[in-house]
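One letter stands for each residue in the lines below.
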Amino acid sequence: MVRCGAAVLRKYGNFIDNLRVYVRGGTGGMGYPRLGGEGGRGGDVWFVAQERTTLKSIKHRYPQKRFIAGTGANSSVKALKGEKGKDCEVHVPVGISVLCDDGMQIGELNAAGERFLAARGGLGGSLVTNFLPCKGQRRIVHLDLKLIADVGLVGFPNAGKSSLLSKISHAKPEIANYAFTTVQPELGKIMYADYKQISVADLPGLIEGAHANKGRGHKFLKHVERTKQLLLVVDISGFQLSIKTQFRTAFETILLLTKELELYKEELLTKPALLAINKMDLPCAKDNLNELMKQLQNPQDFLHLLQEEMIPANTLEFKDIIPLSTYTGEGIEELKARIRKCIDEEAEQENEEYRRKKLLLLQTSEEQMNRN
């Protein structure tokens with residue numbers, strides 16, 4: 001049973017990544033004092049992860065956002081034990097974190113079919129409750145979505161992330177020659193000849209101070225958390241947000257992006273990372289690339305030229321550095337191959353670790369059996 005009430009949501013563009021909803025378990029059924037009958041338990045409210053479901057679709061389907069499970073059946077002469085009330089199942093996107101109203105995480109759903117008990121139904125009336133039913137659990141929870149993708153594109157505005165996504169996948173993001181073209185995350189899939197698919201998330205451009213939520217940085221950075229690897233996209237000619245902000249070289253841009261990731265969540269720097277150096281079709285691009293490669297090979301020799309607050313405590317170790325041009329197509333196929341190689345290597349490492357754990361578990365079991 002679904003009823004309606006107030007809802008609060010946050011969104012940018014047409015993309016919704018946080019929804020506040022009310023959930024209530026069903027009330028238990030009445031007991032039957034004369035014959036000691038027990039009322040049915042109230043139904044439960046469940047969140048169930050499902051592919052191709054969005055918070056936006058939940059908003060449109062249930063505009064009031066109140067989810068209430070069914071009431072348990074009363075005990076009667078014909079049925080001393082009342083039936084349980086009907087459960088309320090709410091389909092939510094994969095990648096949802098469930099938060100209390102105070103911000104504490106109480107659950108998450110990272111794979112299709114996973115379930116989370118959002119509100120438990122109340123007990124039916126019985127001898128313990130003087131045959132009076134109990135009300136179900138009720139609370140307000142937040143559904144917080146973090147995109148799950150194999151690769152997350154990270155960069156400052158106008159670095160060419162949207163153009164790159166359109167070149168390597170079938171996604172059609174908005175592309176223009178001004179900053180902040182991407183105002184909502186875009187998902188695309190790289191298709192390979194052997195039918196392998198790798199998902200790529202284009203995140204809106206960060207700005208300096210994103211870790212402190214400047215420019216809605218937290219909205220964008222949180223989607224990096226569940227990507228398997230990072231792909232930093234940098235303009236070889238440098239970046240300047242506006243005439244009021246300082247110009248940053250490509251080397252400074254890489255350090256600033258690393259610093260923003262580090263300040264938001266240090267664990268992000270442990271993810272495998274690739275570096276795409278874009279706009280190699282521009283004049284002086286090759287000279288700038290040679291200078292950048294020198295700086296990246298020995299970054300410590302150039303840190304004294306930067307402001308102290310720009311320098312990250314740890315630097316990203318790039319598995320590959322790929323110069324490219326989304327305008328001419330130079331380097332695009334090489335990038336796709338490097339992404340595939342990196343993803344396959346990580347998968348093999350995970351499989352090897354899983355095999356070692358299974359072998360260790362078998363050895364431990366055999367040792368215990370031998371002792372017995």
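Residues numbered from 1 in each chain as written. Predicted model: local features only at pLDDT ≥ 70, side-chain atom pairs only at ≥ 80, totals over all residues. Heavy atoms only, no water.

Draft legend 1. Quick peek at a nonpolar patch on the surface. Residues Leu-35, Val-77 and Leu-80 make up a contiguous nonpolar surface patch of about 260 Å² in total accessible area. Turning to its location among the elements, Leu-80 is positioned in the loop between β5 (66-68) and β6 (88-92). (Patch = residues over 30% accessible without salt bridge, like charges linked within 9 Å, V, L, I, M, F, W, Y side chains within 5 Å. Areas by Shrake-Rupley, 256 points an atom, 1.4 Å probe, with all protein chains shown as cover. Salt bridge = Lys/Arg side-chain N within 4 Å of Asp/Glu carboxyl O. Helix = DSSP H or I, 4+ residues; strand = E, 2+ residues; numbered from the N terminus.)

Draft legend 2. Molecular detail of the packing of aromatic side chains. The full count for this structure, using the stated rule, is three aromatic pairs. On the basis of an interplanar angle of 80 degrees and a centroid distance of 5.3 Å, the ring pair of Tyr-62 and Phe-67 is categorised as edge-to-face. Ring centres of Phe-156 and Phe-239 lie 5.2 Å apart, and the angle between their planes is 15 degrees; this geometry places the pair in the stacked category. With Phe-156 in the loop between β11 (149-154) and α2 (161-168) and Phe-239 in the loop between β14 (227-235) and α4 (250-264), this pair connects stretches of sequence that are 83 residues apart. Note on Phe-156: relative accessible area 2%, which makes it buried. Judged by relative accessible area, Phe-239 falls into the buried class, the value being 14%. For Arg-115, the ring lying beneath its charged end belongs to Trp-46, and the centroid distance is 4.5 Å. (Phe/Tyr/Trp six-rings, centres within 6.5 Å; stacked < 30°, edge-to-face > 60°. Buried < 20%, exposed > 50% of the residue type's maximum accessible area, 1.4 Å probe, protein only. Lys NZ or Arg CZ within 6 Å of the ring centre and 35° of its normal.)

Draft legend 3. Spotlight on the pairing of strand β15 (residues 273-278). Taken across its six residues, β15 has six buried, putting it largely inside the fold. Where burial is concerned, the two faces of β15 agree: the one with Ala-273, Leu-275 and Ile-277 and the one with Leu-274, Ala-276 and Asn-278 are both buried. Pairing analysis gives six bridges linking β14 to β15, with the strands arranged parallel. The partner of Val-234 across the bridge, within β15, is Ile-277. Traced from β14 through α4 to β15, the parallel crossover comes out right-handed. Where β15 meets strand β16 (residues 318-323), five bridges bridge the pair, whose relative direction is parallel. (Pairing = 2+ DSSP bridges. Right-handed = clockwise from strand over helix to strand, strands pointing away.)

Draft legend 4. Representation of the sheet that holds β16 in the model. Across the sheet, six strands lie side by side as β12-β13-β11-β14-β15-β16; this open sheet has mixed pairing. Each edge of the sheet is formed by a strand with only one pairing partner; in this case those strands are β12 (186-191) and β16. Adjacent strand axes in the sheet meet at a mean angle of 25 degrees, parallel and antiparallel pairs treated alike. Against the sheet, helix α6 (residues 332-371) touches β11, β12, β13 (197-202), β14, β15 and β16, its axis set at about 170 degrees to β16. (Axes fitted to C-alpha atoms, helices over the stretch in contact; angles between N-to-C directions. Contact = heavy atoms within 4.5 Å.)

Draft legend 5. Region of interest: the pattern of salt bridges. Counting across every chain of the model gives 18 salt bridges. Lys-228 is the partner of Asp-150 in a salt bridge, and the nearest nitrogen-oxygen pair spans 3.3 Å. On the criterion of sequence distance, the pair formed by Asp-150 in strand β11 and Lys-228 in strand β14 is long-range, its members being 78 residues apart. On the accessibility criterion, Asp-150 (12% relative accessible area) is buried. A single salt-bridge network, built from bridges that share partners, covers Asp-44, Lys-84 and Asp-87.

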